[in-house]
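Commentary on secondary and tertiary structure
Now for the letters of each chain:
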Amino acid sequence: MTGLLNRRAFLNRAIGRPGDQVLMIADVDHFKRVNDLIGHDGGDEVLRVVARALHNSVPPDSLVARIGGEEFAILFDATNAVDPAAVLERVRGQRMPFDIVVTASIGTCTGPLMHETDWKHLYHCADRALFAAKAAGRDCARAAPTARIAA
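Quantities reported herein were computed from a predicted structural model and do not represent experimental measurements. Positions within a chain are numbered from 1, following the residues in the order the chain's sequence is written. Predicted model: local features are reported for residues with pLDDT of at least 70 only, side-chain atom pairs are reported and counted for 80 or more only, and whole-chain, interface and lining totals are derived from all residues. The basis for every side-chain value is the complete set of non-hydrogen atoms in the structure, without hydrogens or water.

1. Comments concerning the side chain of T108
What counts, and what does not: Strands here are runs of E lasting at least two residues and helices are runs of H or I lasting at least four, both read from the DSSP assignment and numbered beginning at the N terminus. The criterion used for residue contact is that any of the two residues' heavy atoms lie within 4.5 Å.
With respect to the secondary-structure elements, T108 resides in strand β4 (residues 104-113). The residues contacting T108, other than those within four sequence positions of it, are L23, M24, P84, A126, A129, R142, A143 and A144.

2. Examining the side chain of S105
What counts here: Under the scheme applied here, a residue whose accessible area is under 20% of the maximum for its type counts as buried, over 50% as exposed, and between as partly exposed, the area being computed with a 1.4 Å probe on protein chains only. Polar contact is the term for a pair of N or O atoms within 3.5 Å; when the atoms are in protein, one must be able to donate a hydrogen and the other to accept it, and sequence-neighboring residues count only if both atoms are side-chain atoms.
Along the chain, S105 turns up in strand β4. Using a relative accessible area of 0% as the deciding quantity, one classes S105 as buried. Within polar-contact distance, the side chain of S105 engages the side chain of D29 at 2.7 Å. For S105, the contacting residues outside a window of four places in its chain are I25, A26, D27, D29, L88, L130, A133, K134, R138, D139 and C140.

3. Considerations on the packing of helix α2 (residues 31-55) against helix α3 (residues 84-92)
Defined as follows: Angular values range over 0 to 180 degrees, each being the angle between N-to-C directions of two axes fitted as lines to C-alpha atoms, with helices fitted over their stretch in contact. Crossings are classed by handedness, with left-handed meaning an anticlockwise turn of the near helix from the far one by less than a right angle and right-handed meaning a clockwise turn. Three classes are used: nonpolar for Ala, Val, Leu, Ile, Met, Phe, Trp, Tyr, Cys and Pro, charged for Asp, Glu, Lys and Arg, and polar for all others, with Gly counted as polar.
One way to put it is that α2 packs onto α3 with a least axis distance of 9 Å and a crossing angle of 145°. Pair α2 / α3 crosses with right-handed handedness. Across the interface between the two elements, V50, A53 and L54 from α2 touch V87, R90 and V91 from α3. Along the lines of polarity and charge, the residues of the contact of α2 with α3 split into five nonpolar, no polar and one charged.

4. Observations regarding unusual backbone geometry
Despite not being glycine, H30 has its phi angle at roughly 50°, a positive value. Positionally, H30 belongs in the loop between β1 (17-28) and α2. Of note in this structure, D139 is not a glycine but carries a positive phi near 55°. When you line up the elements, D139 lands in the loop between α4 (116-135) and β5 (141-143).

5. Examining α4
The following threshold applies: In a helix, the anticipated span is given by 1.5 Å times the number of residues less one.
Look at α4: 28 Å from first C-alpha to last across 20 residues, which is about the 28 Å you get at 1.5 Å a residue. For α4, the secondary structure elements touched by its buried residues are α1 (7-14), β1, β2 (63-68), β3 (71-77), β4 and β5. A positive phi of about 115° marks G137, the residue just after α4.

6. Considerations on the sheet that holds β1
For clarity, the threshold we go by: Only when DSSP finds a minimum of two bridges between them are two strands counted as paired.
The five strands lie next to each other as β2-β3-β1-β4-β5, forming an open sheet whose pairing is mixed. Whereas interior strands pair on both sides, the edge strands pair on one side only; in this sheet they are β2 and β5. The mean inter-strand angle of the sheet, taken between neighbouring strand axes irrespective of direction, is 25°. Sheet topology places β2 next to β3; five bridges connect them, and they run antiparallel. Opposite L63, over in β3, you have L75 as the bridge partner.

7. Structural notes on α2
The criterion, for reference: The seven residues ending at a residue and the seven starting there each receive a fitted axis; the angle between those axes is the bend at that residue.
Between its first and last C-alpha, α2 extends only 19 Å over 25 residues, short of the 36 Å set by a 1.5 Å rise per residue. Maximal helix bending in α2 amounts to about 120°, located at G39.

The structure is reproduced here in structure tokens:
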């Protein structure tokens, strides 16, 4: 629906990327309210607009996926600087159906992604950071400390 990778395709391409990777987990704020206000078809269009904004906010070799509901994953090499605040600004700047205001929150974590266990750890760290962004009032980003996997 969004034209992005799904979770399975994302993981197939993500796991095994060399060097530290940055994982951003973006979640549309108050998405239930969006569906309640403009219906599920309108909500689907909001997801498509957000997907385009996320995809256009990161380097071309980044992976961008819808990993569930209104949650998106963005993965890129840690040597590429992507400011989460700029990603959020791009989402905020999109024209949405019925001109509703849509914001998102982002949690980020940096670390290796050579194995599935790395993915689980990186995702858990980014998800905790996302929760911190939501707790801080939404429409913001929080970063977790760099993830290191014990050998």
